[in-house]
Amino acid sequence: MKAEAVRKNPTTTKSHNDKKGVLLMARERPDFRATMEQLNRLYPERELLTLEDMKAVTGYQTGDSIRKHFPSVCGGKYNKSTVARILAGGAAC
């Protein structure tokens, strides 16, 4: 029953309860792990990416485009897992 409830809505981004009150976790996007592994290969020593790192990863040439599509934390740095989620097709917030 649990797996069926999750399969019905694979793009859900929040946890929810099934009919029996069991908490179901959201599924990650299919490309999330591959994207996260690539970011870890490029920047193994960091969890937060700078604006210059983001330009290299996304191909955007200006910081305005990056700020528009990716939420920043810690004074203009970007969390790798959030970047991977958005690049894999997830919501920005």
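Quick caveat, the model's predicted, so the values are computed rather than measured. (Residues numbered from 1 in each chain as written. Predicted model: local features only at pLDDT ≥ 70, side-chain atom pairs only at ≥ 80, totals over all residues. Heavy atoms only, no water.)

## Some thoughts on the pattern of salt bridges
Quick reminder of the rule: What makes a salt bridge here is a side-chain nitrogen of Lys or Arg within 4 Å of a carboxyl oxygen of Asp or Glu, nothing more. Only DSSP runs of H or I reaching four residues or more are called helices, and only runs of E reaching two or more are called strands; each is numbered from the N terminus. The buried label goes to any residue with under 20% of its type's maximum accessible area, the exposed label to any with over 50%, and the partly exposed label to all in between, with areas taken from a 1.4 Å probe on protein chains only.
Summed over all chains, the structure comprises four salt bridges. A salt bridge links R67 to D64; the shortest N-O distance between them is 3.1 Å. Taken together, the residues span about one helical turn, with R67 and D64 both in helix α4 (residues 63-69) at a distance of three residues. Given the relative accessible area of 58%, D64 is considered exposed. Overlapping salt bridges, with partners in common, bring together E45, R46 and D53 in one network.

## Here's the deal with the nonpolar core
To keep things clear, this is the line we draw: Nonpolar core, defined: a set of buried Ala, Val, Leu, Ile, Met, Phe, Trp, Tyr and Cys residues in which side-chain atoms within 4.5 Å join the residues together. Contacts are assigned to residue pairs with any non-hydrogen atoms lying within 4.5 Å of each other.
Judged by nonpolar contacts, the single largest core of 13 residues is most densely connected at L49, M54, F70, Y78 and V83. Listed by contribution, the elements that provide at least two residues to this core are α2 (32-42) and α5 (80-87). Sequence-distant contacts of V83, defined by excluding residues within four places in its chain, comprise L39, L49, M54, F70 and Y78.

## Some remarks on the packing of α2 against α5
Applicable threshold: In this description, a line fitted to the C-alpha atoms serves as the axis of each element, helices being fitted only across the stretch in contact, and the angle between N-to-C directions of two axes falls anywhere from 0 to 180 degrees. In what follows, roughly perpendicular refers to angles from 65 to 115 degrees, roughly parallel to angles under 35, roughly antiparallel to angles over 145, and oblique to any angle outside these ranges. Two helices cross in a left-handed way if the nearer one is turned anticlockwise from the farther one by less than a right angle. They cross in a right-handed way if the turn is clockwise. Gly falls in the polar group here, along with every residue not listed as nonpolar (Ala, Val, Leu, Ile, Met, Phe, Trp, Tyr, Cys, Pro) or charged (Asp, Glu, Lys, Arg).
Put simply, α2 and α5 touch, their axes get as near as 8 Å, and they point 135° apart. Overall, the two elements α2 and α5 adopt an arrangement that is oblique. Between α2 and α5 lies a crossing whose hand is right-handed. Between α2 and α5, the contacting residues are F32, T35, M36, L39 and N40 on the first element and K80, S81, V83, A84, R85 and L87 on the second. Grouping the amino acids of the contact of α2 with α5 by side-chain chemistry returns six nonpolar, three polar and two charged.

## So, the confidence of the model for the protein
So the rule is basically this: Each residue gets a pLDDT score, which is the predictor's confidence in that residue and runs from 0 to 100.
Residues at a pLDDT of 70 or more form 75% of the protein, whose mean pLDDT is 81. When pLDDT is averaged over each helix and strand of the protein, the minimum, 49, is found for helix α1 (residues 2-8) and the maximum, 96, for strand β3 (residues 48-49).

## Here's the deal with α2
Put simply, the rule reads: Of all possible arcs, the one meant is that of the directions from the helix axis to the C-beta atoms.
For α2, the complete set of buried residues consists of F32, T35, M36 and L39. The arc enclosing the buried residues of α2, seen along the axis, measures out at 100°, which places them on a common side. Exposed and oriented more than 90 degrees from the buried face of α2 are R33 and R41. Buried residues in α2 make contact with β3, α3 (51-58) and α5.

## Structural notes on the environment of G89
Residue placement: G89 occurs in the segment after α5. G89 sits in the partly exposed class, given a relative accessible area of 43%. G89 sits 57 residues away from F32 along the chain, and the two C-alpha atoms are 8.4 Å apart.

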